[in-house]
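# Structure assessment
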Amino acid sequence: MATINYRLIDIDALDPESAFPAELLTPPCNPIPTFEIQSLATHCRQLLQRGDQETALVAALENVPYGGDEQGKELHLGTVLEILSSIKAVEMSPLLGRLYASPSGTELLDVLTKQVYLYKGMARHNNSTSTPGVSSHATGVSSVSGAREYGVAPGKGDGGGMSVLLSWHEKVVEIAGTGAIVRVMTDRRTV
């Protein structure tokens with residue numbers, strides 16, 4: 001009798017109804033032009049200059065460029081990191097508590113987890129620490145050919161910028177629970 005290695009059989013090929021259409025797995029996202037993302041960044045900076053960090057953060061988290069190109073997404077990430085850097089550590093928990101209590105609070109904290117920004121910001125931080133030609137300033141802002149980059153520690157390996165992101169991550173999980181992490185990992189939309 002011939003032995004059949006059942007581990008090598010592709011069962012999904014035998015049952016065509018078991019495959020999901022790509023439309024169900026990836027939700028449609030309308031394309032967002034870069035100029036709209038730039039105008040949102042300008043609006044958020046104006047709010048920061050007035051000292052209204054909470055409104056700036058809400059505006060940035062409600063207008064996520066899921067359908068934007070990579071340049072627009074990087075611009076939006078820089079805006080969010082700028083806002084997060086401007087908020088003091090003692091203000092994090094009360095601010096996140098107010099966001100979470102709002103009607104769309106769970107979605108806002110999920111977006112914050114995703115887009116920092118916690119995970120994307122951390123990945124960006126790791127990539128930029130070894131980038132040649134990056135000039136660091138004592139303010140925690142690095143400039144690459146005139147562009148400002150937030151969340152990068154000035155002249156240190158994994159110092160100040162990463163600690164800010166980790167502090168935000170800790171506070172978000174404290175407020176929203178580990179469900180925020182699970183929702184971020186299962187969401188197919190990218191930022």
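Structural notes, computed from the coordinates. Every chain is numbered on its own, with residues counted from 1 as its sequence reads. Reporting in this predicted model follows two pLDDT cut-offs: at least 70 for local features of residues, and 80 or more for side-chain atom pairs to be given and counted; totals over whole chains, interfaces and linings ignore these cut-offs and use all residues. The basis for every side-chain value is the complete set of non-hydrogen atoms in the structure, without hydrogens or water.

## What to know about the overall build of the chain
Heads up, the rule is: Helix and strand definitions follow DSSP, with helices as H or I runs of at least four residues and strands as E runs of at least two, each counted in order from the N terminus. Residue exposure (1.4 Å probe, protein chains only): buried if accessible area is under 20% of the type maximum, exposed if over 50%, otherwise partly exposed. Where accessible areas are quoted, they stem from the Shrake-Rupley method and a 1.4 Å probe; at the residue level, only the protein chains shown are allowed to cover.
Looking only at helices and strands, the chain features 10 helices and three strands. In the chain, the succession of α and β elements from N to C terminus is α-α-α-α-α-α-α-α-β-β-β-α-α. The buried share among the 191 residues of the chain stands at 38%. For the chain, the exposed surface amounts to about 11100 Å²; the carbon and sulfur share of it is 57%.

## Focus on the side chain of K73
Selection rule: Only four residue types enter the charge count: Lys and Arg as positive, Asp and Glu as negative, with His and the chain ends excluded. Just to be clear on terms, a salt bridge is a Lys or Arg side-chain nitrogen sitting within 4 Å of an Asp or Glu carboxyl oxygen. Residue contacts follow a heavy-atom distance rule, with two residues in contact if any of their heavy atoms lie within 4.5 Å.
Its place among the elements puts K73 in helix α5 (residues 70–86). E70 provides the closest opposite charge to the buried, salt-bridge-free K73, at an N-O distance of 4.2 Å. With near-sequence residues (within four places) excluded, K73 lies in contact with P65, Y66, G68, K120, T190 and V191.

## Concerning the packing of helix α7 (residues 105–115) against helix α10 (residues 179–186)
We apply this condition: In this analysis, axes come from line fits to C-alpha atoms, helices being fitted only over the stretch in contact, and the angle between any two N-to-C directions falls in the range 0 to 180 degrees. Angle categories are assigned with fixed cut-offs, so that under 35 degrees is roughly parallel, over 145 is roughly antiparallel, 65 to 115 is roughly perpendicular, and the rest are oblique. Put simply, a crossing is left-handed when the front helix is turned counterclockwise from the back one by less than a right angle, and right-handed when it is turned clockwise. As a working rule, the residues Ala, Val, Leu, Ile, Met, Phe, Trp, Tyr, Cys and Pro are called nonpolar, Asp, Glu, Lys and Arg charged, and the rest polar, with Gly in that last group.
For the pair α7 and α10, interaxial distance at closest approach is 9 Å and the crossing angle is 65 degrees. When the axis of α7 is compared with that of α10, the two are roughly perpendicular. Note on packing geometry: the crossing formed by α7 with α10 is right-handed. Together, T106, D110, T113 and K114 of α7 and A180, R183 and V184 of α10 make up the contact between the two elements. Among the residues forming the contact of α7 with α10, the class breakdown is two nonpolar, two polar and three charged.

## What about α10?
Put simply, the rule reads: For this quantity, the arc is that covered by the directions from the helix axis to the C-beta atoms.
Burial in α10 covers these residues: A180, I181 and V184. Down the axis of α10, the sector holding all buried residues measures 100 degrees, keeping them to one side. Residues of α10 that are exposed and point over 90 degrees away from its buried face: V182 and T186.

## Side note on the packing of helix α4 (residues 53–62) against α5
It is at 10 Å that the axes of α4 and α5 come closest, and there the two elements cross at 155 degrees. One way to sum up the angle between α4 and α5 is to call them roughly antiparallel. Regarding α4 and α5, the two cross each other, and that crossing is left-handed. For the pair α4 and α5, contact is made by Q53, A56, L57 and A60 and by H76, V80, I83, L84 and S86, respectively. A per-class count over the contact of α4 with α5 returns six nonpolar, three polar and no charged.

## Quick notes on the nonpolar core
Note the cut-off: In this text, buried Ala, Val, Leu, Ile, Met, Phe, Trp, Tyr and Cys residues form a nonpolar core when linked through side-chain atoms within 4.5 Å.
Counting residues in each nonpolar core, the largest one holds 35 residues, and the members touching the most others are L57, I83, L84, L99, L112 and W168. If you list the elements that add at least two residues to this core, you get α3 (34–49), α4, α5, α6 (89–101), α7 and α9 (160–176). Here this core takes six residues from α4, the largest share from any one element. In this structure, L84 is in contact with L57, L112, V116, V164 and W168, ignoring residues within four places of it in sequence.

Note that all results are geometric; they support no functional claim without further evidence.
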